2 protein chains.
Amino acid sequence: MNQISLSGLPLGAPLYQEVKRKIMESLRSGEWKPGEIIPSEKRLGERFGVSIGTVRKAVDELVAENILIRHQGRGTFVTSHTHDRYVFAFFHIIGQDGHKEYPKVELQAFASIKADADMAQRLGIRTGSKLFRLTNRLSIAGKPLIVDDIHVPERSFPHLTAETVRNRPGTLYQLYQDNFAVAVLRTEERLRACLADERLASLLEVEVGAPLLHIVRLALSFNDLAVELRHSYVNTAHHEYFAEEHQ
Amino acid sequence: MNQISLSGLPLGAPLYQEVKRKIMESLRSGEWKPGEIIPSEKRLGERFGVSIGTVRKAVDELVAENILIRHQGRGTFVTSHTHDRYVFAFFHIIGQDGHKEYPKVELQAFASIKADADMAQRLGIRTGSKLFRLTNRLSIAGKPLIVDDIHVPERSFPHLTAETVRNRPGTLYQLYQDNFAVAVLRTEERLRACLADERLASLLEVEVGAPLLHIVRLALSFNDLAVELRHSYVNTAHHEYFAEEHQ
DNA sequence: CAGTGGTCTAGACCACCCT
DNA sequence: GGGTGGTCTAGACCACTGG
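Residues numbered from 1 in each chain as written. Chains lettered and ligands numbered in written order. Predicted model: local features only at pLDDT ≥ 70, side-chain atom pairs only at ≥ 80, totals over all residues. Heavy atoms only, no water.

Let's shift gears to the pattern of salt bridges. Throughout the structure, instances matching the rule amount to 46 salt bridges over all chains. A salt bridge links D149(A) to R133(A), with the shortest nitrogen-to-oxygen separation between them at 3.5 Å. Taken together, the residues span a long stretch of sequence, with D149(A) in strand β7 (residues 143-153) and R133(A) in strand β6 (residues 130-140) at a distance of 16 residues. As a salt-bridge pair, D149(B) and R199(B) come within 2.6 Å of each other at their nearest N and O atoms. On the criterion of sequence distance, the pair formed by D149(B) in strand β7 (residues 143-153) and R199(B) in helix α8 (residues 198-204) is long-range, its members being 50 residues apart. In this structure D149(B) comes out as buried when scored by relative accessible area, which is 4%. The partly exposed category is assigned to R199(B), whose relative accessible area is 34%. (Salt bridge = Lys/Arg side-chain N within 4 Å of Asp/Glu carboxyl O. Helix = DSSP H or I, 4+ residues; strand = E, 2+ residues; numbered from the N terminus. Buried < 20%, exposed > 50% of the residue type's maximum accessible area, 1.4 Å probe, protein only.)

Moving on, we come to the sheet that holds strand β5 (residues 104-114) of chain A. With antiparallel pairing, eight strands are arranged side by side in an open sheet as β5(A)-β6(A)-β7(A)-β10(A)-β9(A)-β8(A)-β11(B)-β4(B). With one partner strand each, in any of the chains shown, β5 of chain A together with β4 (93-95) of chain B form the two edges of the open sheet. Taken pair by pair, the neighbouring strands of this sheet meet at an average axis angle of 25°, ignoring direction. Set on the sheet, helix α7 (residues 172-180) of chain A makes contact with β6, β7, β9 (211-220) and β10 (226-234) of chain A; between it and β10(A) the angle comes to about 165°. (Pairing = 2+ DSSP bridges. Axes fitted to C-alpha atoms, helices over the stretch in contact; angles between N-to-C directions. Contact = heavy atoms within 4.5 Å.)

A few words now on the protein's contact with DNA strand D. The immediate surroundings of DNA strand D are formed by 21 residues, with L15(A), S51(A), T54(A), K57(A) and R70(B) found nearest. The sugar-phosphate backbone supplies 82% of the atoms of DNA strand D found within 4 Å of the protein. The contact in question runs from a phosphate oxygen of DNA strand D to an N or O atom on the backbone of Y16(A), over 3.0 Å. For the surface near DNA strand D, the secondary-structure elements that each account for two or more residues are α1 (15-29) and α3 (52-64) of chain A together with β2 (68-71) and β3 (75-78) of chain B. Residues that form the surface near DNA strand D fall into these classes: four nonpolar, 11 polar and six charged. (Near = heavy atom within 4 Å. Polar contact = N/O pair within 3.5 Å; in protein donor to acceptor, adjacent residues only side chain to side chain. Nonpolar A, V, L, I, M, F, W, Y, C, P; charged D, E, K, R; others polar.)

Attention shifts here to the packing of aromatic side chains. Counted under the stated rule, the structure contains 18 aromatic pairs over all chains. Centroid distance F91(A) to Y102(A): 5.3 Å. Interplanar angle 75°. Geometry classified as edge-to-face. With a gap of 11 residues between them, F91(A) in the loop between α4 (83-89) and β4 (93-95) and Y102(A) in the loop between β4 and β5 connect regions that are remote in the sequence. Accessibility expressed as a relative area gives 5% for F91(A), which makes it buried. Ring geometry for F110(B) versus F132(B): centroids 5.4 Å apart, planes at 35°, classification tilted. You can see F110(B) sitting in strand β5 (residues 104-114) and its partner F132(B) sitting in strand β6 (residues 130-140), a full 22 residues away along the chain. Judged by relative accessible area, F110(B) falls into the partly exposed class, the value being 25%. (Phe/Tyr/Trp six-rings, centres within 6.5 Å; stacked < 30°, edge-to-face > 60°.)

Before going further, it helps to spend a moment on the confidence of the model for chain A. Summary statistics for chain A give a mean pLDDT of 94 and a share of 96% for residues scoring 70 or more. Across residues 1-6 of chain A, confidence stays below pLDDT 50; counting only partners more than four residues off in sequence or on other chains, it has four contacts. (pLDDT = per-residue confidence, 0-100.)

For the rest of this paragraph, the subject is the domain arrangement of chain A. All names here are of chain A. Domain parsing of chain A yields domain 1 (15-78) and domain 2 (83-241). Measuring from the centre of the C-alpha atoms in domain 1 to the corresponding centre in domain 2 gives 31 Å. Facing six residues of domain 1, the contacting portion of domain 2 comprises five residues. Carbon and sulfur atoms supply 67% of the area buried between domain 1 and domain 2, which totals about 510 Å² over both sides. Of all residues in domain 1, R28, P34 and I67 give up the largest surface area on contact with domain 2, accounting jointly for 59% of the area buried on that side. Across the domain 1-domain 2 interface, the total number found is zero salt bridges. At the junction of domain 1 with domain 2, the criterion picks out one residue pair in polar contact (both at pLDDT 80 or more). For the side of domain 1 that touches domain 2, the class distribution of residues is four nonpolar, one polar and one charged. (Domains from an automatic or database assignment. Buried area = accessible area lost by both parts, 1.4 Å probe.)

As annotated by UniProt and renumbered to match this structure, "domain: HTH gntR-type" (unreviewed entry) occupies residues 13-81 of chain A. The span residues 13-81 of chain A carries 52% helix and 14% strand; its end-to-end C-alpha distance comes to 32 Å. (UniProt positions renumbered as here; feature names shortened; annotations may be inferred.)

What follows is about the protein's contact with DNA strand C. Taken together, 21 residues are adjacent to DNA strand C, and R70(A), L15(B), S51(B), T54(B) and K57(B) come closest. Per the 4 Å cut-off to the protein, sugar and phosphate atoms form 84% of the nearby atoms of DNA strand C. Contact distances for DNA strand C include 2.2 Å between a phosphate oxygen and a backbone N or O atom of L15(B). Within the contact set of DNA strand C, a phosphate oxygen lies 2.6 Å away from a side-chain nitrogen or oxygen of K57(B). At the level of elements, β2 (68-71) and β3 (75-78) of chain A together with α1 (15-29) and α3 (52-64) of chain B are the ones that each hand at least two residues to the surface near DNA strand C.

Glancing now at the interface of chain B and chain A. For interface size, the figure often reported is the accessible area lost on association. If you look at the interface, chain B gives 38 residues, while chain A gives 38 residues. Around 3,300 Å² of area is buried between chain B and chain A when both sides are counted, 48% of it from carbon and sulfur atoms. Its largest share of buried area at the contact with chain A, chain B owes to R192(B), E245(B) and Q247(B), together 26% of the area lost on that side. With its nearest N and O atoms 3.6 Å apart, the salt bridge here joins R190(B) to E240(A). Counting across the chain B and chain A interface gives 22 residue pairs in polar contact (both at pLDDT 80 or more).

This part covers helix α2 (residues 41-48) of chain B. Residue and element names in this part refer to chain B. Considered for burial, the residues of α2 that qualify are E41, L44, G45 and F48. In a view along the axis of α2, the buried residues occupy a sector of 105°, so they form one face of it. Residues of α2 that are exposed and point over 90 degrees away from its buried face: K42, R43 and E46. On its buried face, α2 sits against α1, β1 (37-38), α3 and β2. (Arc of directions from axis to C-beta.)

Shown next as structure tokens:
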């Protein structure tokens, strides 16, 4: 059996992994916040007692994971959720021409509910825990395109209200980040085809029984903590879900 | 306007990019074939007249792109399509339990056709060019799961026959690689929901009008050369398409 | 101009694999 | 043991940014 140190890294782990872990710890603790600059590589090397090359290797990995961003001549910054970034990273729906356009969002419903077994299992919480449930309708060019049923644990988003959601300046993930210090770093999506029921048909202005793309998205933060469970129903008559695989 | 050198890289490009380009050129030319070992980093440094660190940076990127694989103590190897690799990299369908199982494949049809405008545009060839069209049916536990309509340019796969396809030892991508020196490096997939027509209903043993996941996959090789266009129709009653996004 | 990240070098030492 | 990739260092120089 492998020995594991308190940090969660194997004993004798590379120095740069230790540095990376320490940087992530500072990010998680809020020492450096989204959008802010972090110390220069030289200073980080001094702080952790390693050479610049070792800091670079740690930062390289965090940049590859889109947690940090380097700007030559300016410095290294903590990645921040912005509208453009959201559209680039997490919004996978494109038009038939391959063009990506972010839709207009209308909040349809906001409620406090209790997690059923499926939700609880996916979110890693106890069945019966309190959740907020939001329903959004997304439209492009005035035509409904997507219905999102979004579930977030109340515990992570205390005192969230429909007004807060409705009046947010940017995307929902920006709201999570700015108002609740919850950083969405990664998503897992599971897709299937389904048929529109009456509610979806009405919201999406399609016939009952029309084919829809059903996406179950789990959004994760540091340490793979699940922060949001989202069911999206997409009318793919004139739009598609795009995915790329680099072997 | 930026100046571009003959190699396609901007003038004054980093040395390691030039090294990377030269390594890829050797891969494309077949100097090092899939599964084979390439020269050690020390030898590559001597060959290209750069330090080991620079070679490492070039190889790092090719490893990140899954074109090369490093094995500590053994050497660096050209990535080869194997069954496991295919399942890991390109087969995105998982069971409801999250388990990935590769299906049994039956060739249903094999024909020579001419590219229509849509196929030609996606494959980057002329309308009317000759294509092979293969139809596969994939089943798990004896139940039909996926129908694949596969189109490849005859030019890239001379003298391909149904027998060659039927008697291949591994996956289709292994056949491309081993018999035609065509390496699939990357795929782009576009997903939508559709309804089963009579042919699909019959092949997948579902009702006409059942919802299916329709995947249009474009497989690409070096220089983003399109090598295969594949329409997959998936019965997602008990399986899902899985995608992950790292912010 | 000073400070930052980006590139490149040269070499040391380690862990690992094969023979 | 000899060769390989993996880590780490120390320093030089370049390109870019901002004041």
